Amino acid sequence: MTAAAVAAQVGGRLIGDPDVAVRGVAPLDRAAAYELSFFSDQRYAGWFAESHAGVVLVSPAFEHAPGLPSTRIVVEKPIDALVGLLSRFHRTEPRAVGVHATAVVSATATIGADVTIDPYAVIGEGVTIGPRSWIGAGAKVGAGSVLGSDVRLHANAVVYPFTELGDRVMLHAGAQVGREGFGFVPRPTGVVRIPHVGRCVLEQDVEVGANSCVDRGSIDDTIIGAGTKIDNLVQIGHNVRIGRFCFFASQVGIAGSSRIGDGVQMGGQSGMANHFSIGAGASIGARAGVISDVPEKETWSGFPARPHKEQMRSQAALVRLARLLRPLERLLARDAEASVSTVSQGPDVSATGSSS
Amino acid sequence: MTAAAVAAQVGGRLIGDPDVAVRGVAPLDRAAAYELSFFSDQRYAGWFAESHAGVVLVSPAFEHAPGLPSTRIVVEKPIDALVGLLSRFHRTEPRAVGVHATAVVSATATIGADVTIDPYAVIGEGVTIGPRSWIGAGAKVGAGSVLGSDVRLHANAVVYPFTELGDRVMLHAGAQVGREGFGFVPRPTGVVRIPHVGRCVLEQDVEVGANSCVDRGSIDDTIIGAGTKIDNLVQIGHNVRIGRFCFFASQVGIAGSSRIGDGVQMGGQSGMANHFSIGAGASIGARAGVISDVPEKETWSGFPARPHKEQMRSQAALVRLARLLRPLERLLARDAEASVSTVSQGPDVSATGSSS
Amino acid sequence: MTAAAVAAQVGGRLIGDPDVAVRGVAPLDRAAAYELSFFSDQRYAGWFAESHAGVVLVSPAFEHAPGLPSTRIVVEKPIDALVGLLSRFHRTEPRAVGVHATAVVSATATIGADVTIDPYAVIGEGVTIGPRSWIGAGAKVGAGSVLGSDVRLHANAVVYPFTELGDRVMLHAGAQVGREGFGFVPRPTGVVRIPHVGRCVLEQDVEVGANSCVDRGSIDDTIIGAGTKIDNLVQIGHNVRIGRFCFFASQVGIAGSSRIGDGVQMGGQSGMANHFSIGAGASIGARAGVISDVPEKETWSGFPARPHKEQMRSQAALVRLARLLRPLERLLARDAEASVSTVSQGPDVSATGSSS
């Protein structure tokens, strides 16, 4: 794109050469003359000064910032503007047509039209895969699983048997979906796995991050609602019900039998203990540990999790209290001495009201 | 199974049609007429009222609960009853016989009788696999590893070289067992990996969850004791010794050189720092962080972890203290003023004992 | 090696038979007569007493410790001495030569000299792999990725398209590198993935642990500096810049747009929120949660993370405060009573200065 075209696309004011052409995006410190960059944070003024980017989207405050880039486009929010352009610069991964000769596809599997199956994928008995789906190299789809249309499995993703993935579901590399969950019953000889007969259902447009795990239910289903996006290294236990359009950041852990409503956001490394619920629209802070029900639309944080404002007040109070430790210890000590001396001085002192 | 057969099996009292047949299990809100469900929690009264389940196991309290299901079986504990039935309804994954044509098996490997090796598994030099084991699609068994009988590797599990898995060990999809641990020595040019010569041994009946990792030892062995069950996304560092019949929930992290006794339970997202020990039968709460030795049979929680009752008392005390912040600040302020006015009033006031 | 050779190698003093030969290393409780062990911690005196190790490296304090091992080598630091010997006892994994017949290698890929590609690896279009690299079984290298020389990918590692790995980079089994990160924009119909056009660059000598994940940048690059070592189950979000020679223990989580300097150490299960920075040489404790910038060379811990000494003081103060809860509650109660009685006693008492 030329600088002029970029400016027109983002509705920005062009300064410099309208014909400079860019064919990629890169950060200021690594950009070359054929790349577009952005500058909106004072902390990167040094990078900007030395940048070789051909064109830079800048905030109004930085219109005249000192720096090598002579061709600049002034916009209110450079990052938002850049995000709107990304699809123009995005190199998509090449996609083959059809079923690779090395893919092992069961004779009883039903593969839809225009499905791509990459090398070394293994499709089990009775599996159904909907049209236009793309099964990545080394991905495994277990017997009896049903995949909708436009499903994307990245390399080495594993779908265990009897799992259901809705239309446009995406599993990233190493995601493991539909495993029988962590349930055991004690027996005289040790423990035995509880047979898991619940389903594992990911509704349409769900995304599961790299190396994340979703277990199927034992006596209930594990369901992830439409449009929910799950980041990397997340654990969803058995019998869990998650609503639609939720966002789970990385390394979240949801224990079995949890109930999470629509539109819930869970921050990185947060967790939830068995058998609780989070109401629709609630927001759980990073590292929070939910061990009681969270009402709709509230923001909770901390461990044990509680309303965020309460958590902040309590933490602030404890910081101030920690500083009062010595004055309080001295006060208690004097008070103890006063009790002693009051007693020894006889009854007429007690009327002063200072102690005991 | 007919409703009558189910009632007989669980020792429950049948209400309704004894000939209703069920061939699967499903939760109340998703069950169809040919499915069995359960109702034991008032929170699901709404689901029960509208359920299409053919037969429902109900608690005595819900025998006459309003709802579509007319065929009910009354039992004290519906969930326990259902768990006892699950094997009757469990669809097992189909298992092929023998070594798939696409499996790569080293000429020097020794494969026992009745072993199933699925497509694209790779079995390295000198590997031994015991009878009736089942190596899943894409699983990798590194050179020199020894697997016992009835071992089950799910798809894409990786056993690094020189690892030992006992009889009936199960590795879930994406489990990585036997990697050389995270050990480095500084050198003038940077750091160099410490060669790891310790073993990685999983005793019989051990289960490792999806995407969990167990590192081999550097100068010691990493050993997981018989019957221990490990959930998903767990990390076991090098040189760790874990006892028998332990349960590790998901996302637990055990640092190197830890020593854990028999029968220890570790809650989700808990962790343990290097070189400490947990005594047999101890229980570590979710999110706990163990940074000192835990005695046998005790229950510890929190970070730093300490006895659970202490942790609870201390947390409760801090909550109450946080509320006393302002009264205490006022008290200290008045006390400070009193000191000032006491001093200015001269020596004979000091005998009242109220300050300084 | 003979005992005499070991003693010479480590500069230790030999007691016992110089001709005892050892060909491996094992811990005291599992060592056989042909194995070398070490004893430097009193807690293992029991193991030492019964050990069948042929030769044992002992601390000076244990030179005459009671025990079966008769051949001992006295050194100041037995563990350090042993680590220096490990390469002599390390069984390396056998390595095949060339490209396995089952590897799928794109016709447009460029494979360097002496590269090993194991069974079922898949190398995409336009990939470049430098000399002497070793691509493990089932590993996947996406289109357009560039790998340097002596790169090692363990089994089932996945390199997404357009990723760059420098010389001697090592990815452990199940590592997923270069995924498009967790970025979405809201749309009327739901959310849409932000196309990620930033790179994912691992500089030379970087190591990524088993099942760890590194996301490529959206509008910036994700870069991991030379020599940095990352343990298992770690998450590195998009647009993150990590310096050289850092160490990240297992289960660390780094949110997007973080900036981490050279030589930073992050303890197990620690985390970092978006958009903050950690200065060079800083050290972050296990479980710490960084939600503000950390200056160079400092040691921080806790959540929210702060300077370690402050954190320790504050925690100690809170423990002491928790014990003062009741005395303080009593003090406040008496103070409240005193206020009441002071008021009722009239103005001349106020001069004593004890209350209100």
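Our subject is the structure that appears above.
So, a few notes on the structure that sits alongside this text. No experiment lies behind these values; they were computed from the predicted model shown. (Residues numbered from 1 in each chain as written. Chains lettered and ligands numbered in written order. Predicted model: local features only at pLDDT ≥ 70, side-chain atom pairs only at ≥ 80, totals over all residues. Heavy atoms only, no water.)

## Some thoughts on the side chain of C:E63
All names here are of chain C. As for its position among the elements, E63 is in the loop between β4 (55-58) and β5 (72-74). Judged by its relative accessible area of 16%, E63 is buried. Contacts of E63, omitting those with residues within four sequence positions, involve R13, I15, V58, R72 and V74. (Helix = DSSP H or I, 4+ residues; strand = E, 2+ residues; numbered from the N terminus. Buried < 20%, exposed > 50% of the residue type's maximum accessible area, 1.4 Å probe, protein only. Contact = heavy atoms within 4.5 Å.)

## Observations concerning the interface of chain B and chain A
The interface is formed by 67 residues belonging to chain B together with 73 residues belonging to chain A. It is B:R30, B:Y120 and B:R287 in chain B that bury the most area against chain A; as a group they hold 12% of the surface buried on that side. One can count six salt bridges joining chain B with chain A. With a shortest N-O distance of 2.9 Å, A:R320 and B:E329 are connected by a salt bridge. Where chain B meets chain A, there are 26 residue pairs in polar contact (both at pLDDT 80 or more). Mapped by element, the contributors of at least two residues to the side of chain B that touches chain A are α3 (78-89), β25 (229-230), β28 (247-248), α4 (308-323) and α5 (325-345) of chain B. In terms of residue class, the side of chain B that touches chain A is built from 34 nonpolar, 22 polar and 11 charged. (Buried area = accessible area lost by both parts, 1.4 Å probe. Salt bridge = Lys/Arg side-chain N within 4 Å of Asp/Glu carboxyl O. Polar contact = N/O pair within 3.5 Å; in protein donor to acceptor, adjacent residues only side chain to side chain. Nonpolar A, V, L, I, M, F, W, Y, C, P; charged D, E, K, R; others polar.)

## Re the packing of helix α4 (residues 308-323) of chain A against helix α4 (residues 308-323) of chain C
Packing of α4(A) against α4(C) leaves a shortest axis separation of 9 Å and a crossing angle of 85°. On the basis of their axis angle, the class for α4(A) and α4(C) is roughly perpendicular. Contacts between α4(A) and α4(C) involve A:L318, A:L321 and A:A322 on the former and, on the latter, C:S314, C:A317, C:L318 and C:L321. Its residues placed into classes, the contact of α4(A) with α4(C) shows six nonpolar, one polar and no charged. (Axes fitted to C-alpha atoms, helices over the stretch in contact; angles between N-to-C directions. Parallel < 35°, antiparallel > 145°, perpendicular 65-115°, else oblique.)

## Quick notes on the packing of aromatic side chains
Residues and elements named next belong to chain C. In the structure shown here, the tally under the stated rule is 21 aromatic pairs over all chains. Plain terms: the ring middles of F39 and F62 are 4.2 Å apart, the flat faces sit at 20° to each other, and that makes the pair stacked. Taken together, the residues F39 in strand β3 (residues 35-39) and F62 in the loop between β4 and β5 connect sequence positions 23 residues apart. Accessibility assignment for this pair places F39 and F62 in one class, buried. A ring pair is formed by Y44 and W47, whose centres lie 4.9 Å apart and whose planes are at 45°; its orientation type is tilted. Given the relative accessible area of 18%, Y44 is considered buried. Owing to a relative accessible area of 29%, W47 belongs among the partly exposed residues under this scheme. (Phe/Tyr/Trp six-rings, centres within 6.5 Å; stacked < 30°, edge-to-face > 60°.)

## Remarks on the pattern of salt bridges
Evaluated as defined, the whole model comprises 51 salt bridges over all chains. Residues C:D335 and B:R334 are paired through a salt bridge, measuring 2.4 Å at the closest nitrogen-oxygen approach. In this pair, C:D335 sits in helix α5 (residues 325-345) while B:R334 sits in helix α5, so the two residues belong to two different chains. Look at C:D335 and you get buried, because its relative accessible area is 17%. For B:R334, a relative accessible area of 24% translates into the label partly exposed. The partner of C:R244 in a salt bridge is C:D262, with the nearest N and O atoms 3.6 Å apart. Residue C:R244 is found in the loop between β27 (241-242) and β28 (247-248), and its partner C:D262 is found in the loop between β30 (259-260) and β31 (265-266); the two are separated by 18 residues along the sequence. By relative accessible area, C:R244 is classed as partly exposed at 40%. Taking the relative accessible area as the measure of exposure, C:D262 reaches 33% and is therefore partly exposed. Salt bridges here are not isolated pairs; linked through shared partners, they connect A:D29, C:D220, C:R241 and C:R259.

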